[in-house]
Amino acid sequence: MASQVTGELNVFESAEARFEIAAKRLGLEQGVYRFLKCPEREITVYIPVALDSGRLEVFTGYRVLHSTVRGPGKGGIRFAPDVSLDEVRALAAWMTWKCAVVDIPFGGAKGGVICDPSKLSKAELERVTRRYTASLSDWLGPERDIPAPDIGTNAQTMAWVMDTYAMHVRQATTAVVTGKPLELGGSQGRNEATGRGVMICCDKALAKLKMKRDGCRVIVQGFGNVGSQGALLMHAAGYKIIGAADVNGGLYNENGIDIPKLYDWVYGQKKHLPEFPGGGEKMTAQEVLFRPTDILVPAATENQITSQNASRVDCRILCEGANGPTTSHADAIIEKKEIFIIPDILGNAGGVTVSYFEWVQDRQGFFWRESEVNERLQDVMEHSFDQVVRYAELHKVNNRIAAYIVAIDRVARALKLRGFYA
Ligand code: NAD
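This is a predicted model, so every value here is computed, not measured. (Residues numbered from 1 in each chain as written. Predicted model: local features only at pLDDT ≥ 70, side-chain atom pairs only at ≥ 80, totals over all residues. Heavy atoms only, no water.)

1. Regarding the pattern of salt bridges
- This model, assessed by the stated rule, comprises 34 salt bridges.
- A salt bridge links Arg55 to Glu57, with the shortest nitrogen-to-oxygen separation between them at 3.2 Å.
- Its relative accessible area of 47% is what places Arg55 among the partly exposed residues.
- Since its relative accessible area comes to 26%, Glu57 is described here as partly exposed.
- What you see here is one network of salt bridges that share partners, running through Arg18, Glu320, Asp331, Asp344 and Arg400. (Salt bridge = Lys/Arg side-chain N within 4 Å of Asp/Glu carboxyl O. Buried < 20%, exposed > 50% of the residue type's maximum accessible area, 1.4 Å probe, protein only.)

What follows is the structure in structure tokens.
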């Protein structure tokens, strides 16, 4: 349903709007179209958890499996107060298209629990995670559906998911989740993978647009896993990060922000990002999106760039680190401004790519060096970027629609080869 306040679509409808355009251009036949539009399965679980106070709380959780056409479901688990079934549905479908864009043999899934992790103790979070996993244990598995971290969850959460699943199936099964700690079968390079993928895409876009990397101005909204790791890598590579923001607000400094020091401020000293001494001009997390820059990386959450504010975006390259940061209503405005877009299903696919490498390593029981992981990631991202951009140029569509078309075409071909089991 369109939001009553802004007339903007919700994320699920935004995801569907792009799917519709791409499906039409591809000329998908009706049955395939219907099949790919609907998720394969949606589960709602109610999670009773005793809080530290002794009070019993019942949390609501979801797991949506959008597609297993090209392989087991793959997708993160989000812990946030505003998780909804529609959001999880959209994120699950995006995972299908993302895995297909980078051509890794996974389908798409996503999970979420309505809770505020900042208000729960570590022990309470562990109980929520374990009960959520136990409720879903029949549907998870290395060949069924493989979770990973997302907003509000991390490597520790994945360790609890893995252990709970292992207790249920009565065997150690490290490949049931990715984004795990290294000690439990995690992969080198996974923590930085999404941010590294963002940088690889930006490097490719710069080369394409004949722009220089040294001193190239970047604004990053979101300073969590994707935003902070992306900013650290880009800073080290010679980009100039002139803006950064997290949920507490933003900073802008045209001379560049010292990102390693900001990282230490936020994560080492546990201080609020906008209070970073000498960091620059303080502003809201939204306002930072509208300052002039060469590259804008929204890496926080959905619906940040909308039809209401897209005209204020002032960048040459928009690289989406978050899922769904731009609404479909804003697409036309961004296109008219001739902004080179690197859509989320390509821009943030570095994370799922290294998750795939982690799954492969777990199943082989043989682990790769970090340099090997990074080289393979570089190869996958560069190749996928080239395919999307080539398609966009050939068929005169924007990069977002090109990415959807490449992805949907891959899934549709696999589906037709498998046929419809009845
Ligand atoms: P995270 O929880 O580690 O970090 C989220 C960051 O966004 C935090 O800095 C938070 O303060 C900030 N934030 C939240 N709401 C905000 C707001 N309204 N304005 C400004 N900042 C805000 O999450 P993450 O893993 O970095 O994920 C960020 C986005 O990237 C999500 O859309 C997620 O789905 C997507 N993503 C993550 C990965 C991954 O590997 N972690 C992979 C692909 C896509």
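Alright, that's what it looks like, and here's the rest.
2. Digging into the pairing of strand E3 (residues 73-80)
- The buried fraction of E3 is high, at eight of eight residues.
- Here E3 pairs with strand E5 (residues 145-149) via five bridges, running parallel. By the bridge assignment, Gly73 is partnered in E5 with Asp145.
- Relative to strand E4 (residues 108-114), E3 is paired through four bridges, and the arrangement is parallel. Note on E4: the bridge partner recorded for Ile77 is Gly111. (Helix = DSSP H or I, 4+ residues; strand = E, 2+ residues; numbered from the N terminus. Pairing = 2+ DSSP bridges.)

3. Considerations on the site of the ligand
- Contacts to the ligand come from 22 residues, most closely from Asp150, Thr194, Asn225, Val247 and Asn323.
- In this structure, Arg190 approaches the ligand through a side-chain N or O atom, which is 3.2 Å from an oxygen atom.
- Measuring from an oxygen atom of the ligand, one finds a backbone N or O atom of Phe223 at 2.9 Å.
- Calculation on the ligand without its partners gives an accessible area of 820 Å², and the protein chains cover 82% of this total.
- Put simply, the parts of the chain that give the shell around the ligand at least two residues each are helix H6 (190-208) and helix H7 (225-237). (Near = heavy atom within 4 Å. Polar contact = N/O pair within 3.5 Å; in protein donor to acceptor, adjacent residues only side chain to side chain. Areas by Shrake-Rupley, 256 points an atom, 1.4 Å probe, with all protein chains shown as cover.)

4. Looking at the nonpolar core
- Ranked by internal contacts, the top residues of the largest apolar core, which has 87 residues, are Leu36, Trp97, Tyr239 and Leu262.
- Residues from two domains meet in this core; each of domain 1 (38-172) and domain 2 (193-347) gives at least three.
- Sequence-distant contacts of Trp97, that is, excluding residues within four places in its chain, are made with Phe19, Leu36, His66, Ile345, Tyr404, Ala407, Ile408 and Val411.
- Counting 23 residues, the second-largest nonpolar core is a separate cluster that includes Val45, Val128, Trp160 and Val176. (Core = buried A, V, L, I, M, F, W, Y, C linked by side-chain atoms within 4.5 Å. Domains from an automatic or database assignment. Contact = heavy atoms within 4.5 Å.)

5. Here we look at the domain arrangement of the protein
- One can read the domain layout of the protein as domain 1 (38-172) and domain 2 (193-347).
- When each unit is reduced to the centre of its C-alpha atoms, the spacing between domain 1 and domain 2 is 27 Å.
- The interface is formed by 10 residues belonging to domain 1 together with eight residues belonging to domain 2.
- Summed over both sides, the interface of domain 1 with domain 2 buries roughly 730 Å², with 58% coming from carbon and sulfur.
- Three residues stand out in domain 1 for area buried against domain 2, namely Trp94, Lys98 and Val101, and they jointly supply 56% of the buried area on that side.
- Residue Arg78 pairs with Glu302 through a salt bridge whose shortest N-O separation is 2.6 Å.
- Our enumeration of links across domain 1 and domain 2 arrives at two residue pairs in polar contact (both at pLDDT 80 or more). (Buried area = accessible area lost by both parts, 1.4 Å probe.)

6. What about the sheet that holds strand E1 (residues 41-50)?
- Taken together, five strands build an open sheet; the order of strands is E1-E2-E4-E3-E5 and the sheet is mixed. Looking at which strands have only one partner, the edges of the open sheet turn out to be E1 and E5. Across the sheet, the mean angle from the axis of one strand to that of its neighbour is 25 degrees, orientation sign disregarded.
- Against the sheet, helix H4 (residues 122-136) touches E1, strand E2 (56-67), E3 and E4, its axis set at about 140 degrees to E1. (Axes fitted to C-alpha atoms, helices over the stretch in contact; angles between N-to-C directions.)

7. Regarding the environment of Gly350
- Relative to the elements of secondary structure, Gly350 occurs in helix H11 (residues 350-364).
- Among the residues examined, Gly350 registers a relative accessible area of 0% and is labelled buried.
- The spacing of Gly350 and Arg190 is 160 residues in sequence and 8.8 Å in space, taken between C-alpha atoms.
- Residues within four places of Gly350 in sequence aside, it is in contact with Ala193, Thr194, Gly197, Leu377 and Met381.

8. Digging into helix H1 (residues 11-26)
- For H1, spanning 16 residues, the distance from its first C-alpha to its last is 23 Å, which sits close to the expected 22 Å at 1.5 Å a residue.
- Within H1 the residues assigned to the buried category are Val11, Phe12, Ser14, Ala15, Glu16, Arg18, Phe19, Ala22 and Ala23.
- For H1, the side-chain oxygen to backbone nitrogen distance between the N-cap and Phe12 is 3.0 Å, and the N-cap itself is Asn10.
- After H1 finishes, the residue Gly27 shows a positive phi value of roughly 65 degrees. (Expected span 1.5 Å × (residues − 1).)

9. Observations concerning the environment of Phe357
- With respect to the helices, strands and loops of the structure, Phe357 is situated in helix H11.
- Note on Phe357: relative accessible area 5%, which makes it buried.
- Remark: the alpha-carbon pair of Phe357 and Leu251, spanning 106 residues in sequence, is separated by 35 Å.
- Look past the residues within four positions of Phe357 in its chain and what remains in contact with it is Trp368, Val373, Arg376, Leu377 and Val380.

10. Things to note about the side chain of Asn253
- Mapped onto the secondary structure, Asn253 falls in the loop between strand E8 (249-252) and helix H8 (259-268).
- For Asn253, the side chain forms a polar contact with the main-chain oxygen of Gly279, separated by 3.1 Å.
- In this structure Asn253 touches Ile242, Gly278, Gly279 and Gly280, once residues within four positions along its chain are discounted.

11. Topic: the sheet that holds strand E7 (residues 240-246)
- Sheet architecture is open: seven strands sit in the order E9-E8-E7-E6-E10-E11-E12, paired in mixed fashion. A strand with exactly one partner marks an edge of an open sheet, and here the two such strands are strand E9 (281-283) and strand E12 (340-342). On average, each strand axis in the sheet is tilted by 15 degrees relative to the strand beside it, whichever way the strands run.
- Bridge analysis of strand E6 (residues 217-221) against strand E10 (residues 295-298) gives four bridges, and the strand direction is parallel. Counted as the bridge partner of Val220 is Val297 from E10.

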